[in-house]
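# Commentary on secondary and tertiary structure
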Amino acid sequence: MRLKRERKGIIFLVLIIAIFLALIVSFYIYLRADSVKDKLKTDPIIKALILIEDGEKVVFTDVFLAYAESGKGALITIPENTGAIYSSLGRVDRIDAVFNEKGLAAYKEEIEKLLDLDISYSVEIQLKDFERLADLLGGLGVFIPQPIDARGPNGEIWLLPSGAVNLFGSKVSSYMTYSLETEEEGAMQERRQSMLVALLSALRKNRNLIFQNANFKEFSSCFKSNLNKKDFAELLEIITSIDYERVAQLEVTGLNQNVDGKLLLYPFRNGDFIKEVARRTVSSIIQASGSGGDRTYVLEIQNGTKVQGLARNTQILLQGAGFEVLNVSNAPSNDYEQTEIVDLIGNREAAKSLGDFIRCSKITEARVAAEGENVETPNFDFILILGRDFDGRYVHGQSSGGQEERQGQ
(Lines give C-alpha, C1' and ligand atoms only; values in the text may rest on other atoms or scores of the structure.)
Protein backbone atom coordinates (compact mmCIF):
# COMPACT_ATOMS: atom_id res chain seq x y z
CA MET A 1 0.00 0.00 0.00
CA ARG A 2 2.81 2.34 0.93
CA LEU A 3 4.56 1.55 -2.38
CA LYS A 4 1.43 2.47 -4.33
CA ARG A 5 1.15 5.80 -2.53
CA GLU A 6 4.82 6.54 -3.29
CA ARG A 7 4.28 5.72 -6.99
CA LYS A 8 1.23 7.98 -7.12
CA GLY A 9 3.24 10.73 -5.46
CA ILE A 10 6.05 10.38 -8.02
CA ILE A 11 3.59 10.42 -10.93
CA PHE A 12 1.87 13.50 -9.50
CA LEU A 13 5.25 15.22 -9.05
CA VAL A 14 6.27 14.37 -12.64
CA LEU A 15 3.00 15.83 -13.94
CA ILE A 16 3.53 19.04 -11.99
CA ILE A 17 7.08 19.35 -13.33
CA ALA A 18 5.87 18.65 -16.91
CA ILE A 19 3.15 21.30 -16.63
CA PHE A 20 5.62 23.77 -15.16
CA LEU A 21 8.12 23.15 -17.97
CA ALA A 22 5.38 23.50 -20.59
CA LEU A 23 4.38 26.86 -19.11
CA ILE A 24 8.00 28.03 -19.14
CA VAL A 25 8.43 26.97 -22.79
CA SER A 26 5.15 28.61 -23.81
CA PHE A 27 6.05 31.82 -22.02
CA TYR A 28 9.52 31.79 -23.60
CA ILE A 29 8.04 31.33 -27.08
CA TYR A 30 5.52 34.10 -26.39
CA LEU A 31 8.27 36.50 -25.34
CA ARG A 32 10.42 35.64 -28.35
CA ALA A 33 7.59 35.84 -30.90
CA ASP A 34 7.61 39.16 -32.69
CA SER A 35 4.29 40.83 -33.29
CA VAL A 36 3.64 42.25 -36.75
CA LYS A 37 4.47 45.78 -35.59
CA ASP A 38 7.67 44.61 -33.86
CA LYS A 39 8.77 42.78 -37.01
CA LEU A 40 8.26 45.95 -39.06
CA LYS A 41 11.06 47.60 -37.07
CA THR A 42 13.58 45.26 -38.71
CA ASP A 43 11.77 44.67 -42.01
CA PRO A 44 9.42 47.54 -42.97
CA ILE A 45 7.86 45.65 -45.89
CA ILE A 46 4.84 43.47 -45.21
CA LYS A 47 5.01 40.27 -47.26
CA ALA A 48 1.92 38.08 -47.15
CA LEU A 49 0.66 35.18 -49.21
CA ILE A 50 -3.05 35.60 -49.97
CA LEU A 51 -4.68 32.37 -51.07
CA ILE A 52 -8.27 32.00 -52.32
CA GLU A 53 -9.47 28.42 -52.03
CA ASP A 54 -12.51 26.33 -52.95
CA GLY A 55 -12.43 23.48 -50.48
CA GLU A 56 -8.87 22.19 -50.79
CA LYS A 57 -8.34 23.53 -54.33
CA VAL A 58 -6.39 26.69 -55.17
CA VAL A 59 -8.49 29.25 -57.02
CA PHE A 60 -6.15 32.23 -56.95
CA THR A 61 -2.85 33.19 -55.32
CA ASP A 62 -1.35 36.63 -54.82
CA VAL A 63 1.70 37.83 -52.92
CA PHE A 64 0.83 41.07 -51.12
CA LEU A 65 3.64 43.59 -50.55
CA ALA A 66 3.09 46.81 -48.63
CA TYR A 67 4.95 49.66 -46.96
CA ALA A 68 2.71 51.04 -44.24
CA GLU A 69 4.49 54.38 -43.88
CA SER A 70 3.91 55.38 -47.50
CA GLY A 71 0.59 53.62 -47.98
CA LYS A 72 2.01 52.02 -51.14
CA GLY A 73 1.62 48.38 -52.05
CA ALA A 74 1.79 45.77 -54.79
CA LEU A 75 0.20 42.46 -55.68
CA ILE A 76 2.02 39.74 -57.62
CA THR A 77 -0.21 37.04 -59.08
CA ILE A 78 1.13 33.48 -59.11
CA PRO A 79 -0.73 31.61 -61.90
CA GLU A 80 -1.75 28.12 -60.82
CA ASN A 81 -0.03 26.60 -63.88
CA THR A 82 3.37 28.18 -63.19
CA GLY A 83 5.76 25.39 -64.13
CA ALA A 84 9.15 24.38 -62.74
CA ILE A 85 11.01 21.51 -61.15
CA TYR A 86 9.64 21.73 -57.61
CA SER A 87 11.92 20.20 -55.00
CA SER A 88 8.99 19.49 -52.70
CA LEU A 89 7.50 17.24 -55.42
CA GLY A 90 10.72 16.03 -57.01
CA ARG A 91 9.35 16.61 -60.52
CA VAL A 92 8.19 19.14 -63.09
CA ASP A 93 4.59 20.18 -62.49
CA ARG A 94 2.17 23.04 -61.91
CA ILE A 95 2.77 25.02 -58.75
CA ASP A 96 -0.74 24.35 -57.42
CA ALA A 97 0.16 20.64 -57.35
CA VAL A 98 2.52 21.53 -54.50
CA PHE A 99 -0.41 22.86 -52.46
CA ASN A 100 -2.63 19.90 -53.33
CA GLU A 101 -0.04 17.29 -52.37
CA LYS A 102 2.22 18.92 -49.79
CA GLY A 103 0.10 21.64 -48.18
CA LEU A 104 0.43 25.35 -47.51
CA ALA A 105 3.91 25.37 -45.93
CA ALA A 106 5.55 23.74 -48.96
CA TYR A 107 3.49 25.89 -51.32
CA LYS A 108 4.65 29.09 -49.60
CA GLU A 109 8.25 27.88 -49.65
CA GLU A 110 8.14 27.27 -53.43
CA ILE A 111 6.67 30.74 -54.00
CA GLU A 112 9.43 32.24 -51.84
CA LYS A 113 12.00 30.55 -54.11
CA LEU A 114 10.15 31.74 -57.22
CA LEU A 115 10.19 35.41 -56.12
CA ASP A 116 13.34 35.30 -53.96
CA LEU A 117 11.36 36.78 -51.06
CA ASP A 118 10.88 35.72 -47.45
CA ILE A 119 7.12 35.69 -46.94
CA SER A 120 6.23 36.06 -43.28
CA TYR A 121 2.46 35.76 -43.33
CA SER A 122 -0.22 33.66 -44.98
CA VAL A 123 -3.91 34.53 -45.30
CA GLU A 124 -6.37 31.95 -46.63
CA ILE A 125 -9.93 32.75 -47.70
CA GLN A 126 -12.43 30.10 -48.72
CA LEU A 127 -14.76 31.09 -51.57
CA LYS A 128 -17.80 30.81 -49.29
CA ASP A 129 -16.11 33.23 -46.87
CA PHE A 130 -15.22 35.52 -49.78
CA GLU A 131 -18.95 35.65 -50.53
CA ARG A 132 -19.71 36.39 -46.88
CA LEU A 133 -17.16 39.21 -46.83
CA ALA A 134 -18.76 40.73 -49.93
CA ASP A 135 -22.13 40.76 -48.17
CA LEU A 136 -20.71 42.18 -44.93
CA LEU A 137 -18.95 44.96 -46.87
CA GLY A 138 -21.95 45.98 -48.96
CA GLY A 139 -20.78 44.36 -52.19
CA LEU A 140 -17.58 44.40 -54.24
CA GLY A 141 -17.32 46.77 -57.18
CA VAL A 142 -15.87 45.52 -60.49
CA PHE A 143 -16.23 46.34 -64.18
CA ILE A 144 -17.50 43.58 -66.48
CA PRO A 145 -17.09 44.56 -70.16
CA GLN A 146 -19.53 41.97 -71.54
CA PRO A 147 -22.44 40.12 -69.90
CA ILE A 148 -21.68 36.50 -69.00
CA ASP A 149 -24.24 33.76 -69.73
CA ALA A 150 -22.57 30.35 -69.74
CA ARG A 151 -22.46 26.95 -68.09
CA GLY A 152 -19.51 25.21 -66.48
CA PRO A 153 -18.34 21.63 -67.14
CA ASN A 154 -20.14 20.42 -64.01
CA GLY A 155 -23.41 22.18 -64.77
CA GLU A 156 -22.56 25.46 -63.00
CA ILE A 157 -24.57 28.43 -64.24
CA TRP A 158 -22.59 31.61 -64.77
CA LEU A 159 -24.77 34.70 -65.11
CA LEU A 160 -23.21 38.13 -64.68
CA PRO A 161 -24.36 41.58 -65.89
CA SER A 162 -22.10 43.96 -67.76
CA GLY A 163 -20.83 47.38 -66.72
CA ALA A 164 -19.71 48.74 -63.36
CA VAL A 165 -21.49 46.44 -60.92
CA ASN A 166 -21.55 45.58 -57.22
CA LEU A 167 -21.32 41.82 -56.69
CA PHE A 168 -22.75 39.96 -53.69
CA GLY A 169 -22.88 36.36 -52.54
CA SER A 170 -22.67 33.65 -55.20
CA LYS A 171 -22.06 36.25 -57.93
CA VAL A 172 -18.62 36.79 -56.38
CA SER A 173 -17.77 33.09 -56.76
CA SER A 174 -19.13 33.09 -60.32
CA TYR A 175 -16.89 36.03 -61.21
CA MET A 176 -13.86 34.30 -59.67
CA THR A 177 -14.39 30.86 -61.21
CA TYR A 178 -16.12 31.18 -64.59
CA SER A 179 -14.00 30.05 -67.52
CA LEU A 180 -14.71 30.73 -71.19
CA GLU A 181 -12.91 29.05 -74.09
CA THR A 182 -12.47 32.47 -75.71
CA GLU A 183 -10.79 33.97 -72.63
CA GLU A 184 -7.01 33.80 -72.39
CA GLU A 185 -5.36 32.63 -69.16
CA GLY A 186 -3.79 36.03 -68.55
CA ALA A 187 -7.15 37.76 -68.79
CA MET A 188 -8.59 35.32 -66.25
CA GLN A 189 -5.77 36.09 -63.81
CA GLU A 190 -6.33 39.84 -64.26
CA ARG A 191 -10.06 39.36 -63.57
CA ARG A 192 -9.41 37.47 -60.37
CA GLN A 193 -6.84 40.00 -59.23
CA SER A 194 -9.36 42.80 -59.86
CA MET A 195 -11.78 41.02 -57.53
CA LEU A 196 -9.11 40.73 -54.82
CA VAL A 197 -8.33 44.45 -55.21
CA ALA A 198 -12.09 45.15 -54.91
CA LEU A 199 -12.13 43.20 -51.64
CA LEU A 200 -9.06 44.98 -50.26
CA SER A 201 -10.49 48.37 -51.29
CA ALA A 202 -13.78 47.57 -49.55
CA LEU A 203 -11.90 46.52 -46.40
CA ARG A 204 -10.07 49.85 -46.44
CA LYS A 205 -13.31 51.78 -46.95
CA ASN A 206 -14.98 49.99 -44.02
CA ARG A 207 -11.99 49.80 -41.68
CA ASN A 208 -13.73 51.79 -38.91
CA LEU A 209 -16.61 49.34 -39.00
CA ILE A 210 -14.37 46.27 -39.10
CA PHE A 211 -12.31 47.13 -36.02
CA GLN A 212 -15.27 47.77 -33.75
CA ASN A 213 -15.17 45.13 -31.02
CA ALA A 214 -18.64 43.88 -31.85
CA ASN A 215 -17.75 43.35 -35.53
CA PHE A 216 -14.15 42.19 -35.62
CA LYS A 217 -14.92 38.61 -34.61
CA GLU A 218 -17.38 38.30 -37.49
CA PHE A 219 -14.96 39.70 -40.06
CA SER A 220 -11.88 37.85 -38.79
CA SER A 221 -13.75 34.54 -38.91
CA CYS A 222 -13.70 34.83 -42.71
CA PHE A 223 -9.91 34.54 -42.73
CA LYS A 224 -7.47 31.82 -41.72
CA SER A 225 -3.88 32.89 -41.07
CA ASN A 226 -0.65 31.81 -39.41
CA LEU A 227 -1.10 34.55 -36.80
CA ASN A 228 -2.93 34.74 -33.49
CA LYS A 229 -5.95 37.03 -33.16
CA LYS A 230 -3.97 40.04 -31.91
CA ASP A 231 -1.27 39.83 -34.59
CA PHE A 232 -3.81 39.22 -37.35
CA ALA A 233 -5.61 42.40 -36.26
CA GLU A 234 -2.30 44.27 -36.61
CA LEU A 235 -1.77 42.81 -40.09
CA LEU A 236 -5.32 43.70 -41.12
CA GLU A 237 -4.79 47.26 -39.88
CA ILE A 238 -1.86 47.59 -42.27
CA ILE A 239 -3.71 45.91 -45.14
CA THR A 240 -6.59 48.37 -44.73
CA SER A 241 -4.23 51.37 -44.69
CA ILE A 242 -2.94 50.85 -48.25
CA ASP A 243 -4.20 53.03 -51.10
CA TYR A 244 -5.50 50.45 -53.60
CA GLU A 245 -5.99 53.02 -56.34
CA ARG A 246 -2.19 53.21 -56.54
CA VAL A 247 -1.33 49.58 -55.88
CA ALA A 248 0.87 47.92 -58.54
CA GLN A 249 -0.78 44.84 -60.02
CA LEU A 250 1.78 42.38 -61.41
CA GLU A 251 2.01 38.73 -62.31
CA VAL A 252 4.44 35.98 -63.17
CA THR A 253 4.90 36.07 -66.94
CA GLY A 254 6.48 33.60 -69.31
CA LEU A 255 5.84 31.21 -72.16
CA ASN A 256 3.33 28.37 -72.20
CA GLN A 257 4.61 24.89 -72.99
CA ASN A 258 2.78 21.58 -73.12
CA VAL A 259 4.47 19.02 -70.86
CA ASP A 260 2.97 15.55 -70.42
CA GLY A 261 -0.44 16.85 -71.40
CA LYS A 262 -0.28 19.84 -69.01
CA LEU A 263 -0.02 23.45 -70.18
CA LEU A 264 2.72 24.95 -67.99
CA LEU A 265 3.77 28.60 -67.77
CA TYR A 266 7.58 28.77 -67.67
CA PRO A 267 8.73 32.13 -66.22
CA PHE A 268 10.96 34.34 -68.38
CA ARG A 269 14.74 33.91 -68.14
CA ASN A 270 14.44 30.82 -65.94
CA GLY A 271 12.66 32.89 -63.30
CA ASP A 272 15.26 35.66 -63.09
CA PHE A 273 12.85 38.22 -64.56
CA ILE A 274 10.13 37.82 -61.92
CA LYS A 275 12.78 37.86 -59.18
CA GLU A 276 14.05 41.19 -60.47
CA VAL A 277 10.49 42.51 -60.73
CA ALA A 278 9.91 41.51 -57.10
CA ARG A 279 13.14 43.20 -55.96
CA ARG A 280 12.35 46.40 -57.83
CA THR A 281 8.78 46.33 -56.59
CA VAL A 282 9.99 46.29 -52.99
CA SER A 283 12.38 49.16 -53.75
CA SER A 284 9.64 51.11 -55.51
CA ILE A 285 7.07 50.95 -52.72
CA ILE A 286 9.59 51.82 -49.99
CA GLN A 287 11.07 54.72 -51.92
CA ALA A 288 9.88 58.11 -50.65
CA SER A 289 7.90 60.08 -53.19
CA GLY A 290 8.64 63.65 -54.09
CA SER A 291 12.35 63.33 -53.45
CA GLY A 292 13.16 65.92 -56.08
CA GLY A 293 16.09 65.47 -58.45
CA ASP A 294 16.21 65.58 -62.23
CA ARG A 295 13.17 65.70 -64.46
CA THR A 296 11.16 62.49 -64.48
CA TYR A 297 10.24 61.29 -67.97
CA VAL A 298 6.79 59.88 -68.55
CA LEU A 299 6.17 56.74 -70.60
CA GLU A 300 3.42 54.75 -72.18
CA ILE A 301 4.26 51.05 -72.49
CA GLN A 302 2.51 49.06 -75.22
CA ASN A 303 2.61 45.28 -75.38
CA GLY A 304 3.27 44.26 -78.99
CA THR A 305 3.47 40.54 -78.13
CA LYS A 306 1.11 37.74 -77.15
CA VAL A 307 2.69 37.47 -73.69
CA GLN A 308 0.08 38.44 -71.09
CA GLY A 309 1.20 40.89 -68.41
CA LEU A 310 4.52 41.75 -70.07
CA ALA A 311 3.86 45.51 -70.17
CA ARG A 312 2.66 45.66 -66.57
CA ASN A 313 5.75 43.88 -65.24
CA THR A 314 8.03 46.05 -67.38
CA GLN A 315 6.36 49.05 -65.75
CA ILE A 316 7.97 48.17 -62.41
CA LEU A 317 11.41 47.79 -63.97
CA LEU A 318 11.23 51.24 -65.55
CA GLN A 319 9.80 52.91 -62.47
CA GLY A 320 12.78 51.55 -60.58
CA ALA A 321 15.02 53.23 -63.15
CA GLY A 322 13.44 56.63 -62.51
CA PHE A 323 10.84 56.72 -65.30
CA GLU A 324 7.16 57.34 -64.64
CA VAL A 325 4.75 55.03 -66.47
CA LEU A 326 1.50 56.85 -67.11
CA ASN A 327 -0.25 54.19 -69.12
CA VAL A 328 0.04 50.50 -70.01
CA SER A 329 -1.86 49.15 -73.01
CA ASN A 330 -1.77 46.77 -75.95
CA ALA A 331 -0.04 47.87 -79.15
CA PRO A 332 -2.08 48.04 -82.39
CA SER A 333 -0.96 44.45 -83.09
CA ASN A 334 0.67 41.64 -81.11
CA ASP A 335 3.25 40.61 -83.69
CA TYR A 336 5.94 43.29 -83.34
CA GLU A 337 9.28 41.66 -84.12
CA GLN A 338 11.40 44.46 -82.68
CA THR A 339 11.07 46.54 -79.55
CA GLU A 340 11.15 50.25 -80.25
CA ILE A 341 11.09 53.56 -78.43
CA VAL A 342 9.10 56.43 -79.92
CA ASP A 343 10.55 59.78 -78.83
CA LEU A 344 7.72 62.32 -78.64
CA ILE A 345 9.75 65.26 -77.27
CA GLY A 346 12.92 65.15 -79.32
CA ASN A 347 15.21 64.39 -76.37
CA ARG A 348 17.72 61.94 -77.83
CA GLU A 349 19.78 61.69 -74.67
CA ALA A 350 16.83 60.70 -72.49
CA ALA A 351 15.54 58.29 -75.13
CA LYS A 352 18.96 56.66 -75.34
CA SER A 353 19.09 56.38 -71.54
CA LEU A 354 15.83 54.44 -71.66
CA GLY A 355 17.16 52.36 -74.53
CA ASP A 356 20.40 51.56 -72.72
CA PHE A 357 18.50 50.32 -69.69
CA ILE A 358 16.69 47.63 -71.69
CA ARG A 359 19.33 47.35 -74.48
CA CYS A 360 16.99 48.74 -77.12
CA SER A 361 18.66 50.59 -79.99
CA LYS A 362 15.61 51.13 -82.18
CA ILE A 363 14.60 54.70 -81.37
CA THR A 364 12.22 56.58 -83.64
CA GLU A 365 11.51 60.29 -83.34
CA ALA A 366 7.94 61.45 -83.84
CA ARG A 367 7.32 64.29 -86.26
CA VAL A 368 7.31 67.64 -84.48
CA ALA A 369 4.16 69.64 -85.19
CA ALA A 370 4.62 72.78 -87.28
CA GLU A 371 3.91 76.12 -85.67
CA GLY A 372 0.20 76.78 -85.57
CA GLU A 373 -0.65 73.16 -86.43
CA ASN A 374 -3.52 71.81 -84.34
CA VAL A 375 -2.14 68.56 -82.97
CA GLU A 376 -3.16 66.95 -79.69
CA THR A 377 -0.29 67.11 -77.20
CA PRO A 378 0.50 63.66 -75.70
CA ASN A 379 0.62 63.22 -71.92
CA PHE A 380 3.86 61.26 -72.08
CA ASP A 381 7.40 61.76 -73.40
CA PHE A 382 8.10 58.32 -74.87
CA ILE A 383 6.18 55.31 -76.10
CA LEU A 384 7.86 51.97 -75.51
CA ILE A 385 6.49 49.22 -77.78
CA LEU A 386 7.58 45.77 -76.63
CA GLY A 387 8.40 43.27 -79.39
CA ARG A 388 9.28 39.60 -79.57
CA ASP A 389 12.95 40.41 -79.07
CA PHE A 390 12.26 41.57 -75.49
CA ASP A 391 12.74 38.79 -72.93
CA GLY A 392 11.17 40.66 -70.04
CA ARG A 393 14.38 42.45 -69.09
CA TYR A 394 16.53 42.99 -72.16
CA VAL A 395 16.14 43.36 -75.91
CA HIS A 396 18.13 40.82 -77.92
CA GLY A 397 19.44 41.00 -81.46
CA GLN A 398 19.43 44.77 -82.01
CA SER A 399 22.64 46.47 -83.06
CA SER A 400 24.58 48.15 -80.27
CA GLY A 401 25.36 51.22 -82.33
CA GLY A 402 21.78 52.43 -82.13
CA GLN A 403 19.53 53.71 -84.85
CA GLU A 404 17.32 56.72 -85.04
CA GLU A 405 14.55 57.27 -87.52
CA ARG A 406 11.89 59.84 -88.03
CA GLN A 407 8.27 58.93 -88.46
CA GLY A 408 4.90 60.56 -88.65
CA GLN A 409 2.82 60.20 -85.54
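Just above, that's the structure.
Residues numbered from 1 in each chain as written. Predicted model: local features only at pLDDT ≥ 70, side-chain atom pairs only at ≥ 80, totals over all residues. Heavy atoms only, no water.

### A closer look at the environment of Leu-264
Selection rule: Helix numbering and strand numbering both begin at the N terminus, where a helix is a DSSP run of H or I of at least 4 residues and a strand a DSSP run of E of at least 2. Think of it in three bands: with a 1.4 Å probe and only protein chains considered, a residue is buried below 20% of the maximum accessible area for its type, exposed above 50%, and partly exposed in between. Contacts between residues were defined by any pair of non-hydrogen atoms, one from each residue, lying within 4.5 Å.
Mapped onto the secondary structure, Leu-264 falls in strand β14 (residues 262-267). Classification of Leu-264 by relative accessible area gives buried; the value is 1%. Through-space distance from the C-alpha of Leu-264 to that of Ala-84 is 8.3 Å; in sequence the pair is 180 residues apart. Beyond its immediate chain neighbours, meaning those up to four positions away, Leu-264 contacts Asn-81, Gly-83, Val-92, Asp-93, Arg-94, Leu-255, Asn-256, Gln-257 and Val-259.

### What to know about the pattern of salt bridges
Spelled out, the test is: What counts as a salt bridge is simple: a side-chain nitrogen of Lys or Arg found within 4 Å of a carboxyl oxygen of Asp or Glu.
Using the criterion set out here, one finds 25 salt bridges in the structure. Arg-388 is the salt-bridge partner of Glu-337, the closest N and O atoms lying 2.8 Å from each other. On the criterion of sequence distance, the pair formed by Glu-337 in the loop between β16 (324-330) and β17 (340-343) and Arg-388 in the loop between β19 (382-386) and β20 (403-407) is long-range, its members being 51 residues apart. The exposure class assigned to Arg-388 is partly exposed, which follows from its relative accessible area of 48%. Note that Lys-352 and Asp-356 form a salt bridge whose closest N and O atoms lie 3.1 Å from each other. On the criterion of helical spacing, the pair formed by Lys-352 and Asp-356 is a turn pair, its members being four residues apart in helix α13 (residues 348-358). Through salt bridges with shared partners, a single ionic network connects Arg-269, Glu-276, Arg-280, Asp-391 and Arg-393.

### Side note on empty space enclosed by the protein
Here is the rule: Cavities and pockets were defined on a 1 Å grid built from protein atoms only: a cavity is a group of points that admits a 1.4 Å probe but offers it no way out, a pocket is an open group of points flanked by protein on both sides within 12 Å along at least five of seven lines, and a lining residue is one with an atom within 4 Å of any such point. Grid points are joined across faces, edges and corners, and a volume is the space filled by probe spheres set on the points.
Under the definition given, this model contains two cavities of 30 Å³ or more. Taken as a whole, the largest cavity encloses approximately 60 Å³ of empty space. What lines the largest cavity is simply Ile-50, Val-123, Ile-125, Leu-196, Leu-199, Leu-200, Leu-203, Phe-223, Leu-236 and Ile-239. Listing elements by their share of the lining of the largest cavity, those giving two or more residues are β6 (121-126), α7 (185-205) and α10 (229-239). Tallying contributions element by element places α7 first for the lining of the largest cavity, with four residues.

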